[in-house]
Amino acid sequence: MTAWTPTAQAPVRGVLDQAAAENFPVAPAFLPAAGRAALLAVYGYARLVDDIGDGDLAPGGADARLFGVPPEHAEDRPALLDAAEADVHRLLDAARWPGAPGPRHPLVRALLPAVRAHALTAEPFLALIEAGRLDQHRHTYTTWEELLGYCALSAHPVGRLVLAVTGTASPERVRRSDAVCTALQVVEHLQDVAEDRARGRVYLPAEDLARFGVREADLDAPVTCAALRSVVACLAERSFALLDEGTGLVASVPGRLRLLLAGYAGGGRAALRALAAARYDVLAGPPTAARPAVLRETAAVLMAARRVR
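Note that the structure is a prediction, hence the values are computed from the model and not measured.

Visitor: What am I meant to see in the overall build of the protein chain here?
Guide: Secondary structure summary: the protein chain contains 16 helices and zero strands in total. Relative to the compact-globule value of 19 Å for 309 residues, the protein chain shows a C-alpha radius of gyration of 19 Å, a close match. Along the first, second and third principal axes, the C-alpha atoms of the protein chain reach 60 × 50 × 30 Å. Across the 309 residues of the protein chain, 51% fall into the buried class. Sequence-distant contacts, at least 24 apart, represent 69% of the contacts inside the protein chain between residues at least 6 apart. Counting every atom, the protein chain has about 13,900 Å² of accessible surface; 57% of that belongs to carbon and sulfur. Counting 33 positive and 35 negative side-chain charges, the protein chain places the centres of these two groups 9 Å from one another.

Visitor: I keep staring at the environment of Gly 53 and nothing clicks. Help me out?
Guide: The topology assignment puts Gly 53 in helix 2 (residues 33-54). When sequence neighbours within four positions are dropped, the list of residues in contact with Gly 53 reads Arg 77, Gly 132, Gln 136 and Arg 201.

Visitor: Would you take a moment to explain the nonpolar core for this structure?
Guide: Within soluble globular proteins, side chains that are nonpolar tend to cluster in buried spots. Counting residues in hydrophobic clusters, the biggest one holds 52 residues, and the most contacted among them are Leu 39, Tyr 45, Ile 52, Phe 67, Leu 111, Phe 125 and Leu 261. Of the residues forming this core, the biggest block, ten residues, is contributed by helix 2. Leave out the neighbours within four places in its chain, and Leu 261 touches Val 162, Leu 249, Val 250 and Val 253. Ala 155, Cys 181, Val 193 and Ala 271 belong to the second largest nonpolar core, which has 34 residues in total.

Visitor: Just checking my understanding: could you explain the packing of helix 13 (residues 226-243) against helix 15 (residues 255-277) for this structure?
Guide: Where helix 13 meets helix 15, the closest approach of the two axes is 10 Å, and the angle between their N-to-C directions is 160°. The pairing of helix 13 with helix 15 is recorded here as roughly antiparallel in orientation. Considering only the axes of helix 13 and helix 15, their crossing is left-handed. Counted together, Ala 236, Ser 239, Phe 240 and Leu 243 of helix 13 and Ala 265, Gly 268, Arg 269, Leu 272 and Arg 273 of helix 15 form the full contact between these two elements. Counted by class, the contact of helix 13 with helix 15 contains five nonpolar, two polar and two charged residues.

Visitor: Before we go on, may I ask you to explain empty space enclosed by the protein in this structure?
Guide: A water-sized probe rolled over the atoms picks out the places where empty space is left. Counted by the stated rule, this structure contains one cavity of 30 Å³ or more. A volume near 50 Å³ is recorded for the largest cavity. What lines the largest cavity is simply His 189, Val 193, Asp 196, Arg 197, Arg 201, Val 202, Tyr 203, Leu 204 and Leu 219. The dominant element in the lining of the largest cavity, judged by the number of residues it contributes, is helix 11 (residues 193-198), at three residues.

Visitor: Quick question: what am I supposed to make of unusual backbone geometry here?
Guide: Where the residue is not glycine, phi is negative for most of them; where a peptide bond is considered, it is trans in most cases. In this structure, Ala 119 is a non-glycine residue whose phi angle is positive, near 50°. Following the sequence through the fold, Ala 119 ends up in the loop between helix 6 (112-118) and helix 7 (123-137). What makes Ala 119 exposed here is its relative accessible area of 61%. In this structure, Tyr 280 takes a positive phi of about 60° despite not being glycine. Along the chain, Tyr 280 falls in the loop between helix 15 and helix 16 (291-306). With a relative accessible area of 22%, Tyr 280 lands in the partly exposed category.

Visitor: What should I look at first to understand the pattern of salt bridges in this one?
Guide: If charged atoms from side chains of opposite charge come close, those side chains can pair. The final tally for this structure, using the stated rule, is 26 salt bridges. When the shortest N-O distance is used, the salt bridge between Arg 47 and Asp 50 registers 2.3 Å. You can see Arg 47 and its partner Asp 50 sitting in helix 2, three residues apart, about one turn around the helix. Residue classification places Arg 47 among the buried residues on the basis of a relative accessible area of 13%.

Visitor: So what exactly am I meant to see when it comes to the packing of aromatic side chains here?
Guide: Note on aromatic pairs: each is described by the distance of the centres and the angle between the planes. For the coordinates displayed, the defined rule picks out four aromatic pairs. Measuring from ring centre to ring centre gives 5.6 Å for Tyr 141 and Tyr 150, while their planes differ by 50°; the resulting arrangement is tilted. Of the two residues examined, Tyr 141 and Tyr 150, each falls in the buried class. The class of Tyr 141 is buried, set by a relative accessible area of 2%. Each member of the aromatic cluster is reached from another via a ring pair, and the members are Tyr 141, Tyr 150 and Tyr 203.

Visitor: I tried to follow helix 2 on my own but got confused; where do I start?
Guide: Two residues of an α-helix separated by three or four positions point the same way, owing to the 3.6 residues in each turn. The end-to-end C-alpha distance of helix 2, which contains 22 residues, comes to 31 Å, matching closely the 32 Å that a straight helix rising 1.5 Å per residue would cover. Phi turns positive, to about 75°, at Gly 55, one or two residues after helix 2.

Visitor: Help me understand the side chain of Asp 135, please; the structure alone is not making it clear to me.
Guide: Locating Asp 135 in the fold gives a position in helix 7. Among the polar contacts listed, one links the side chain of Asp 135 to the side chain of Tyr 203, at a separation of 2.8 Å. What Asp 135 contacts, discounting residues up to four positions off in sequence, is Asp 54, Tyr 150, Arg 201 and Tyr 203.

Procedures and definitions
Residues numbered from 1 in each chain as written. Predicted model: local features only at pLDDT ≥ 70, side-chain atom pairs only at ≥ 80, totals over all residues. Heavy atoms only, no water. Helix = DSSP H or I, 4+ residues; strand = E, 2+ residues; numbered from the N terminus. Rg over C-alpha atoms; globule rule 2.2 N^0.38 Å. Buried < 20%, exposed > 50% of the residue type's maximum accessible area, 1.4 Å probe, protein only. Contact = heavy atoms within 4.5 Å. Areas by Shrake-Rupley, 256 points an atom, 1.4 Å probe, with all protein chains shown as cover. Lys, Arg positive; Asp, Glu negative; His and termini not counted. Charge placed at Lys NZ, Arg CZ, Asp CG, Glu CD. Core = buried A, V, L, I, M, F, W, Y, C linked by side-chain atoms within 4.5 Å. Axes fitted to C-alpha atoms, helices over the stretch in contact; angles between N-to-C directions. Parallel < 35°, antiparallel > 145°, perpendicular 65-115°, else oblique. Left-handed = near helix turned anticlockwise from the far one by under 90°. Nonpolar A, V, L, I, M, F, W, Y, C, P; charged D, E, K, R; others polar. 1 Å grid on protein atoms, 1.4 Å probe; cavity = no way out; pocket = protein on both sides within 12 Å on 5 of 7 lines; lining within 4 Å. Points joined across faces, edges and corners; volume = space filled by probe spheres on them. Salt bridge = Lys/Arg side-chain N within 4 Å of Asp/Glu carboxyl O. Phe/Tyr/Trp six-rings, centres within 6.5 Å; stacked < 30°, edge-to-face > 60°. Expected span 1.5 Å × (residues − 1). Polar contact = N/O pair within 3.5 Å; in protein donor to acceptor, adjacent residues only side chain to side chain.

Without other data, these values stay purely geometric and don't point to any function.
Pasting the structure below:
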């Protein structure tokens, strides 16, 4: 097992620091310490896998060393994703058998208490890795349904893990959580059109781009043309409809968990309103919501949930 050293701590801190930039509060202070630790561990793992897939790991190869990947493969994304998968299997083995070797990477090892306490399975962790693998060879999506299929790998597992570590999973809650998580993923794609394009990826469905007459050159312009704004507005409307499932989800859970899930849905709603306020100009820079806007939308979700019978 890799020792906890300042060298190991630096990339871990860099990954967890990204939580503040998310559209929603990851693990707010009003939660019990154990719950916050579990949610931060889930976030840290999901962010790590996403950064591997996007090539956004800290320079210098520290994460590769933590995984035990040879220096010559420190920038090899498929090799790093394979190493992450091997670490997930070590995680599950260590949870079942205390004497088994634990995960090598600290962000995977941080999941061990939650896996033990809540009997988490490998499926959601491995699905996130599959999303990272998909990003290595698939760079466009033809239809909305295809994009939803990608979200089933890249977004649904996170919501399902949140329900699992909070002890509130049920078939109906999972269904609603999947919808909210899909919306949050699509919103992120809408905010990051320029960044994704620079990586050679376009998550906006090709059928929608064609329907509104968006040309490939329009994706490289400094300002978003009217046709591309129409596509973004159309996808934002679909995302709002998905986020409506958050009302029933919030209404179905008690106490502080209700506030947590309202924050997730409220963060997505606030980000969509920020897109609308920017008139869907996503190429000039990612429109983001300020904290007061997130709080207002969270309050609106809570009020709507109180009216659910």
